[in-house]
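Below, each chain spelled out in residue letters.
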Amino acid sequence: MKILLASSEVHPYSKTGGLADAAGALGKSLAEAGHRVGIVTPLYRGIREKFPALRREDWHFDLPLGSKRASAELWALEPAKGLTVYFIHKPEYFDRAGIYGENGADHPDNGERFIFFSKCVVNLARYLPWQPEVVNVSDWQTGLVPALVLHQSRTEGWGNRPRVCLTIHNLAYQGYFPRSVYALTNLPPEYFIAEGAEHFGKLNCLKAGIAFADMITTVSPRYAREITTQEYGEGLDGLLRKRQGQGRLTGILNGVDYDEWKTTGNPHLPASFSVGDLAGKAAVKSALQRELGLPANPTCPLFGTITRLAEQKGMDIELGALEEMLNADLQFALLGSGSADYEREFRKLARRFPARVAVRHAYDHSLAHRIEAACDFYLMPSRFEPCGLNQMYSLRYGTIPIVRRTGGLDDSVVDVADNAAEATGIKFSTYSGPALAKGIRKALAIYGDKSLVEHYQLNGMRADFSWGRIVGEYLKAYSRR
Ligand code: ADP
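Fair warning: this is a prediction, and the values are worked out from it, not measured in the lab. (Residues numbered from 1 in each chain as written. Predicted model: local features only at pLDDT ≥ 70, side-chain atom pairs only at ≥ 80, totals over all residues. Heavy atoms only, no water.)

### Notes on the site of the ligand
(1) Moving on: Around the ligand sit 20 residues, and of these K15, G18, R308, K313 and A362 come closest.
(2) Moving on: G18 has a polar backbone atom sitting 2.6 Å from an oxygen atom of the ligand.
(3) Moving on: Here the ligand loses 93% of its free accessible area of 560 Å² to cover by the protein chains.
(4) Moving on: Residue assignment for the shell around the ligand shows that the elements contributing at least two residues are helix 1 (18-32), strand 15 (302-309), strand 16 (331-338), helix 12 (365-374) and helix 13 (390-396).
(5) Moving on: No other element matches the three residues that strand 15 contributes to the shell around the ligand.
(6) Moving on: A class-by-class count of the residues in the shell around the ligand yields eight nonpolar, seven polar and five charged.
(7) Moving on: When residues of the shell around the ligand are assigned to domains, at least three fall in each of domain 1 (2-255 + 468-479) and domain 2 (279-464). (Near = heavy atom within 4 Å. Polar contact = N/O pair within 3.5 Å; in protein donor to acceptor, adjacent residues only side chain to side chain. Areas by Shrake-Rupley, 256 points an atom, 1.4 Å probe, with all protein chains shown as cover. Helix = DSSP H or I, 4+ residues; strand = E, 2+ residues; numbered from the N terminus. Nonpolar A, V, L, I, M, F, W, Y, C, P; charged D, E, K, R; others polar. Domains from an automatic or database assignment.)

Here it is in structure tokens:
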């Protein structure tokens, strides 16, 4: 199949979260399975310097944008056989310090930036010589692509248009802009309707994608069900129920790129370990304890969290649970940045418990590997979690995840109550500090029994969330008639 993926972030070129990991790994895995794949993404600041093999293509975008026209260059890279990564080079929009914003505030022209990007995606879908059969867009940033493709095929003689699949990585971010921004799409008013791009008088880019895509996927089966409910539907549950009723919504659990997240020969880790020999994990743990300035005590259970410090991630209940549990003999390491309030609260905790709590407010990919590998337990108490990746990285690294029963967390972790023989982690349901604290107490009980710890660890390390297995599910979604 010939597939064009579009994403506002793609690992290893740009990343703020799981979307980048998923877009990069899906593209790579589809190409490995023999498909012709393109990934299109903006050329952000610093990418050209880090990837000198990037070359400029003989392609010039000159596209209407409201009453003006906007132009851009196309750059490309072929990181693997059958895979081309196309970069939209438009410095006014993309050569900035932050991908979506700076200093905690969104860029004020995000609507314009990503409408233009979406138009470039459509232009490539239409004119690339290899003629993609499917365009798979992601989240609100490319949410207008389905409507743009539909409109051009209806009115501009674009016969045999590609099918457009929207993947929702997070329903909470919808690309909500004043009505005036709709003019930049150059679409007629017929798409700006309550069952389309309009939402309470404003432009909602993700809603437009849900309404006009041929197929919608989201990143776990449980989240696919959750988003059709009022509780998790973020105001779009009605439309999602309609699309589900039409057989157009499906959940496909994200995978892990095991070439990157590996416990042997990993340049980010000071020692290797594996299912056959766990000894190196203790060396990684003591190295991390030293790196973070915690007492290098091999028998003290080490808990970790790596996250965006955002409301979604359950940091309020994590703070509550730690408050309750920090009198016990345990250590906790946090790598996370985001909300200034949460950063302050975690720093306070570290000051009060310097021998127990270490916090780093940074984005540090290499440290993320070390925390994943060094910890005994990983805390992920999300309020909602479309898929979540860190719990799956934990499993591979022999680190037992403690997660709330929601979205992809529920789909990827096995609790002893689900299946004792195959248990990989600890799950709790109620969104509260005491419920998480109870999970931590269960962890401490498990920690006292070395063979039980190993039982969980080995089950987790053997679990297979490789992308190779997932590719078939995407192909099925792409082919859905
Ligand atoms: P989300 O996309 O909602 O942020 P996911 O669990 O799907 O959550 O993916 C988060 C990704 O971002 C993971 O690969 C995680 O390791 C990474 N990440 C988050 N915060 C940091 C950080 N401060 N430093 C390094 N990596 C981080």
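Don't stop here, the text continues.
### What about the domain arrangement of the protein chain?
(1) Moving on: Taken domain by domain, the protein chain consists of domain 1 (2-255 + 468-479) and domain 2 (279-464).
(2) Moving on: A separation of 32 Å is found between the C-alpha centroids of domain 1 and domain 2.
(3) Moving on: On the domain 2 side, the residues contacting the 21 residues of domain 1 number 21 residues.
(4) Moving on: Between domain 1 and domain 2 lies a buried interface of about 1,600 Å² when both sides are counted; carbon and sulfur atoms form 54% of it.
(5) Moving on: On inspection of domain 1 and its partner domain 2, the count reaches two salt bridges.
(6) Moving on: For the pair domain 1 and domain 2, the interface holds eleven residue pairs in polar contact (both at pLDDT 80 or more). (Contact = heavy atoms within 4.5 Å. Buried area = accessible area lost by both parts, 1.4 Å probe. Salt bridge = Lys/Arg side-chain N within 4 Å of Asp/Glu carboxyl O.)

### Here's the deal with the pattern of salt bridges
(1) Moving on: All chains considered together, the criterion is met by 33 salt bridges.
(2) Moving on: Across the salt bridge formed by D21 and K15, the nearest N and O atoms sit 2.9 Å from each other.
(3) Moving on: By relative accessible area, D21 is classed as buried at 11%.
(4) Moving on: Of the charged contacts in the structure, one is a salt bridge between E195 and K242, with a shortest N-O distance of 2.6 Å. Here E195 is found in the loop between strand 10 (176-177) and strand 11 (198-199), whereas its partner K242 is found in helix 8 (residues 237-245), with 47 residues between them in sequence.
(5) Moving on: A residue is classified by how much of its surface remains accessible, and K242, at 38% relative accessible area, is partly exposed.
(6) Moving on: In the salt-bridge network here, residues are joined through shared partners; they are R222, E226, R405, D410, D418 and K427. (Buried < 20%, exposed > 50% of the residue type's maximum accessible area, 1.4 Å probe, protein only.)

### Re the pairing of strand 18 (residues 377-380)
(1) Moving on: By the alternation rule, side chains of strand 18 split into F377 and L379 and Y378 and M380, which are all buried.
(2) Moving on: Relative to strand 19 (residues 400-404), strand 18 runs parallel, the two being bridged by four bridges. The residue of strand 19 that forms the bridge with L379 is I402.
(3) Moving on: The parallel pair strand 18 and strand 19 is bridged by helix 13, and the resulting crossover is right-handed. (Pairing = 2+ DSSP bridges. Right-handed = clockwise from strand over helix to strand, strands pointing away.)

### Considerations on the sheet that holds strand 1 (residues 2-6)
(1) Moving on: The strand order across the open sheet formed by nine strands is 3-4-5-2-1-8-9-13-14, and the pairing between neighbours is mixed. Of all the strands in the sheet, just strand 3 (55-65) and strand 14 (249-251) have a single pairing partner and so form its edges. Along the sheet, successive strands turn relative to each other by an average axial angle of 25°, direction set aside.
(2) Moving on: As defined by bridge partners, strand 2 (residues 36-42) adjoins strand 5 (residues 83-89) across six bridges and the pair is classed as parallel. (Axes fitted to C-alpha atoms, helices over the stretch in contact; angles between N-to-C directions.)

### As for the nonpolar core
Side chains that are nonpolar tend, in soluble globular proteins, to be buried together.
(1) Moving on: Counting 100 residues, the largest nonpolar core has I88, L124, L203, I210 and Y478 as the members making the most contacts within it.
(2) Moving on: For this core, the element with the most residues is helix 4 (residues 110-127), which contributes nine residues.
(3) Moving on: Within the second largest apolar cluster, 39 residues are counted, among which are A374, V403, L409 and A463. (Core = buried A, V, L, I, M, F, W, Y, C linked by side-chain atoms within 4.5 Å.)

### Notes on helix 1
(1) Moving on: Compared with the 21 Å implied by 1.5 Å per residue over 15 residues, the 21 Å span of helix 1 between its first and last C-alpha is a close match.
(2) Moving on: Within helix 1, twelve of the 15 residues are buried, leaving the element largely enclosed by the surrounding structure.
(3) Moving on: Where helix 1 is buried, its residues contact strand 1, strand 2, strand 5, strand 8 (134-138), helix 13 and helix 17 (467-479). (Expected span 1.5 Å × (residues − 1).)

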